[in-house]
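Commentary on secondary and tertiary structure
So you can see what is in the structure, the chains are spelled out below.
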Amino acid sequence: QWESSAEAWRTALARGPYLEQAAVYALVPTPAARRDSVRRIFLAAPIQPAARLALAGLEAAWGAPHQGWLALRDLPVDSASAAAWVEFGDRAERDERWPLARDGFVAALRWRRTPELSLRAATAALNAGDAQSALILAPLAAAGNDTNRLARTYVPIHVRALAALGRALEAERLLARYDRWLTPGQRSAMTRAVAFGWVRAGQTGRA
């Protein structure tokens with residue numbers, strides 16, 4: 001009675017979104033031949049963020065995390081959807097599914113942009129190999145006049161992104177500009193990033 005169970009869980013989620021993990025646990029054993037029926041139930045109108053998030057969890061457990069994002073990406077932009085997108089991003093981040101983490105955090109930014117979420121989105125983008133988006137998501141100007149915050153949080157992202165894009169000279173100059181605010185560990189990591197940037201640019205001598 002997988003379809004009946006899915007209907008009951010969807011009804012329960014409408015009253016208690018906190019039951020989402022319980023719904024996933026109960027429905028993960030759904031046989032492959034019956035999963036489309038469960039999908040249709042959780043995707044049916046009216047749109048329910050908690051049900052969509054539960055379906056995303058099911059898809060991940062069924063080995064199709066990208067399908068889980070498809071269940072969430074078209075939610076209306078509101079606080080409930082933003083919470084679902086951030087939760088999805090959290091899970092993808094923990095699993096190091098960086099493109100999905102980026103997509104979840106970027107979607108949540110459509111509801112409310114915060115420095116912390118922007119930095120997480122930029123870091124996920126960078127880890128996903130999307131250096132250009134990382135530069136856009138966490139612009140240096142977002143740090144305002146807080147030079148220490150700029151150096152410790154935004155500059156490392158920009159140095160890594162510029163190096164990944166082959167713009168090693170820009171990365172090197174940015175690192176030099178904020179060097180005195182960096183920890184030894186940050187300085188070492190960014191120096192390596194700049195070196196690899198020069199390698200990408202074909203200038204191994206500079207590296």
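Located above this text is the structure these notes cover.
My aim in this report is to walk through the structure given alongside it, one point at a time. (Residues numbered from 1 in each chain as written. Predicted model: local features only at pLDDT ≥ 70, side-chain atom pairs only at ≥ 80, totals over all residues. Heavy atoms only, no water.)

Right, let's talk about the overall build of the protein chain for a bit. Looking only at helices and strands, the protein chain features twelve helices and zero strands. In summary, the protein chain has a C-alpha radius of gyration of 21 Å against a globular reference of 17 Å for 207 residues, an excess of more than 25%. C-alpha atoms of the protein chain, sized along the principal axes, occupy 65 × 35 × 25 Å. Going through the 207 residues of the protein chain one by one, you find that 43% of them count as buried. Within the protein chain, contacts between residues separated by at least 24 positions form 53% of all contacts whose residues are at least 6 apart in sequence. Taken as a whole, the protein chain presents about 10,600 Å² of accessible surface, with 54% of it coming from carbon and sulfur. Mean positive and mean negative side-chain charge positions of the protein chain (27 and 19 charges, respectively) differ by 4 Å. (Helix = DSSP H or I, 4+ residues; strand = E, 2+ residues; numbered from the N terminus. Rg over C-alpha atoms; globule rule 2.2 N^0.38 Å. Buried < 20%, exposed > 50% of the residue type's maximum accessible area, 1.4 Å probe, protein only. Contact = heavy atoms within 4.5 Å. Areas by Shrake-Rupley, 256 points an atom, 1.4 Å probe, with all protein chains shown as cover. Lys, Arg positive; Asp, Glu negative; His and termini not counted. Charge placed at Lys NZ, Arg CZ, Asp CG, Glu CD.)

Below, the discussion takes up the environment of leucine 43. Within the secondary structure, leucine 43 is located in helix α3 (residues 35-43). For leucine 43, a relative accessible area of 38% corresponds to the partly exposed category. In this structure, leucine 43 is in contact with Arg10, Arg52, Leu55 and Ala71, ignoring residues within four places of it in sequence.

Taken as a whole, α3 has its buried residues at Arg35, Ser37, Val38, Ile41 and Phe42. Looking straight down α3, one finds its buried side chains confined to an arc of 160 degrees; they lie on one side. Buried residues in α3 make contact with α1 (2-15), α2 (20-27) and α4 (49-61). (Arc of directions from axis to C-beta.)

Here the focus is unusual backbone geometry. Across the junction of alanine 45 and proline 46, the peptide omega takes the value -5 degrees, indicating a cis bond. Within the secondary structure, proline 46 sits in the loop between α3 and α4.

This next bit is on the environment of arginine 102. Tracing the sequence through the fold places arginine 102 in helix α7 (residues 98-109). Residue classification places arginine 102 among the buried residues on the basis of a relative accessible area of 19%. Along the chain, arginine 102 and threonine 123 lie 21 residues apart, while their C-alpha atoms are 8.0 Å from each other. Other than its neighbours up to four places away in sequence, arginine 102 contacts Ala121, Ala124, Ala125, Ala128 and Asp130.

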